[in-house]
Amino acid sequence: MRDGRPLLNFKSPRVTQPQQHLADMTMDERVAAVTEMGLPAFRAKQLSTHYFTRYHTDVESMTDLPKDLRTPLQERFFPPLLTEVRRLTTTNGDTIKFLWRLFDGALVESVLMRYRNRITLCVSSQCGCGMNCPFCATGQQGLTRNMSTAEIVEQVIRANQAIAAGELAPAKANTDADDEVALGAEADEEQGETPGETDSTGPGAGTAASAGGPERVTNIVFMGMGEPLANYKRVMNAVRRFVAPAPEGLGMSARRITVSTVGLVPGINKLAAEDIPVTFALSLHAPDDELRDEMIPVNTRWKADEAIDAAYNYYKVTGRRVSIEYALIKDMNDHAWRADLLAKKLIARGRGWVHVNPIPLNPTPGSVWTASDPAVADEFVRRLVDAGVPTTIRDTRGSDIDGACGQLAAAD
């Protein structure tokens, strides 16, 4: 127990999920649903095109549908999922944090970030989180419930609406290096893809603008509120909607979707067997069990070496280089000897399979911890690089609007 709460909560409480939405269904299920309403099967494709390619969520805007059908189709396929409560935008306009109220009053956040050659959305997968990591604002909330597949997908649709409306600052015509250490950028540089090139898995999947269409989200990272692998089924269903060709889904590249976990080993192994080549990130934060038990309570269930072994297995099965996330906390986990130990453990499993992303700790209300001193962080990185481990300090976006890693708390 910590502060009267269980250290770990793997199961969402038994609560009502939102009404079934178009995004919860496969194309076959959509066809079955419209035929049950006595409508021709082509209406399923028509509705899917509006939602997944035009980002329409209001049937009244679907003017190619007969007026007498719009209300019943709205009620059957597009129940309200996300109500925007508030948004915060950084001074330069390149980052927007959305606060959403769900159908049952639960609050979640997502963060939209523009980089030079990509637009990344950090999505939430749970209302709160049951992993109880003490340096994470979300982890201190506890778990309310799992989000539905459609609630996860809708975050991307609503972000695409904002982009299409010009609400995200336009790309800067420069060559700032910040793009090279962007959230989720590992899916490009480390896999040999050229940032901005079109991916064959979908129109414009590698650029901010789809072919002949408006800009849209190009990269998705499951690094918002919640532990994705603790809501495995719905998260993977959302991933399938993201990668399915339009109009069944968004037609995105799986390589531009990052799934992160604090170390749920069975879930990592299950993800490796999915045959969907998403980018995988392990939030390690400490190489030794003594410290990691305190920082990441799930380490009391699956130890650091077990989590690293599972990450390495993901690489062996998929051929996809793994990202190790490491929040650098002053006088907590930023010691040079811990960098040496981390390098030793990673290299012991081979070379070329992993990239380390140190992240300066982002402040959260009431926290006694703070980010490492720059000189200490530089030394930590130097030790890893000198040992032959590719390492890049991640660019932090949105900290001034409490939208950076570890800061999402969904405060109304």
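None of these values were measured; they are calculated from a predicted model.

All right, on to the pairing of strand E7 (residues 219-222) then. Side chains of E7 alternate between two faces, with Asn219 and Val221 and Ile220 and Phe222 buried alike. Judged from the three bridges that link them, strand E4 (residues 118-122) and E7 form a sheet pairing that is parallel. If you follow cysteine 122 over to E7, its bridge partner there is valine 221. Two strands pair when backbone bridges link them, and E7 and strand E8 (residues 257-261) are joined in this way by three bridges, in the parallel orientation. Across the sheet, valine 221 pairs through a bridge with threonine 258, a residue of E8.

Once that is clear, we can look at the UniProt feature "binding site: [4Fe-4S] cluster" (unreviewed entry) in the chain. Following the UniProt record, one finds the feature "binding site: [4Fe-4S] cluster" (unreviewed entry) at Cys129, Cys133 and Cys136. The residue cysteine 129 is located in the loop between strand E5 (126-128) and strand E6 (143-146) in this model. On the accessibility criterion, cysteine 129 (9% relative accessible area) is buried. In this structure, cysteine 129 is in contact with Thr138, Gly139, Gly142, Leu143, Gly226 and Glu227, ignoring residues within four places of it in sequence. Residue placement: cysteine 133 occurs in the loop between E5 and E6. Discounting chain neighbours no more than four positions away, the residues touching cysteine 133 are Gly139, Gln140, Val262, Met295, Ile296 and Pro297.

What follows covers helix H10 (residues 336-348). Over its 13 residues, H10 extends 18 Å from the first C-alpha to the last, a length consistent with the 18 Å expected when each residue adds 1.5 Å. Within H10, the full set of buried residues consists of Arg338, Ala339, Leu342, Ala343, Lys345 and Leu346. The buried residues of H10 all sit within an arc of 165° when viewed along its axis, so they share a single face. For H10, the exposed residues lying more than 90 degrees away from the buried face are Lys344 and Ala348. Here the buried face of H10 lies against helix H8 (289-295), helix H9 (304-318), strand E10 (322-328), strand E11 (354-360) and helix H11 (374-386).

Quick look at the sheet that holds strand E9 (residues 279-283) now. Ordered in space as E1-E2-E3-E4-E7-E8-E9-E10-E11, the nine strands form an open sheet in which the pairing is mixed. The sheet terminates laterally at strand E1 (83-89) and E11, the two strands that pair on one side only. Sheet twist, expressed as the mean angle between neighbouring strand axes with direction ignored, is 20°. When strand E3 (residues 107-115) meets E4, the two strands line up antiparallel, connected through five bridges. Opposite leucine 112, over in E4, you have leucine 121 as the bridge partner.

The next thing to look at is the environment of asparagine 333. Note that asparagine 333 resides in the loop between E10 and H10. Taking the C-alpha atoms as reference points, asparagine 333 and histidine 285, separated by 48 residues in sequence, lie 7.2 Å from one another. In contact with asparagine 333, not counting residues within four places along its chain, are His285, Leu291, Met295, Tyr326, Ala327, Leu328, Arg338 and Phe380. Of note is the side chain of asparagine 333, whose polar atom sits 2.6 Å from the backbone oxygen of alanine 327.

Calculation notes
- Here the residue numbers are simple positions, counted from 1 along each chain's written sequence.
- Selection of residues for local features in this predicted model requires a pLDDT of at least 70, selection of side-chain atom pairs for listing and counting requires 80 or more, and totals for whole chains, interfaces and linings are taken over all residues.
- To obtain the side-chain values, all non-hydrogen atoms of the structure were included, while hydrogens and water were left out.
- Exposure categories follow from relative accessible area, calculated using a 1.4 Å probe and restricted to protein chains: below 20% of the type maximum is buried, above 50% is exposed, and the middle band is partly exposed.
- Numbering of helices and strands runs from the N terminus; a helix is a DSSP stretch of H or I covering at least four residues, while a strand is a stretch of E covering at least two.
- Any two strands between which DSSP finds at least two bridges are classified as paired.
- UniProt positions are given in the numbering used here, feature names are shortened, and annotations may be inferred rather than shown by experiment.
- Contact between two residues is taken to exist if any of their heavy atoms lie within 4.5 Å; hydrogens are not considered.
- In this analysis, the expected span of each helix is defined as 1.5 Å times one less than the number of residues it contains.
- Comment: arc refers to directions from the helix axis out to C-beta atoms.
- Only C-alpha atoms enter the line fits that serve as axes; for helices the fit covers just the stretch in contact. Angles between N-to-C directions range over 0 to 180 degrees.
- Pairs of N or O atoms are called polar contacts if they sit within 3.5 Å, as long as, within protein, a hydrogen donor faces a hydrogen acceptor (for residues adjacent in sequence, only side-chain-to-side-chain pairs).

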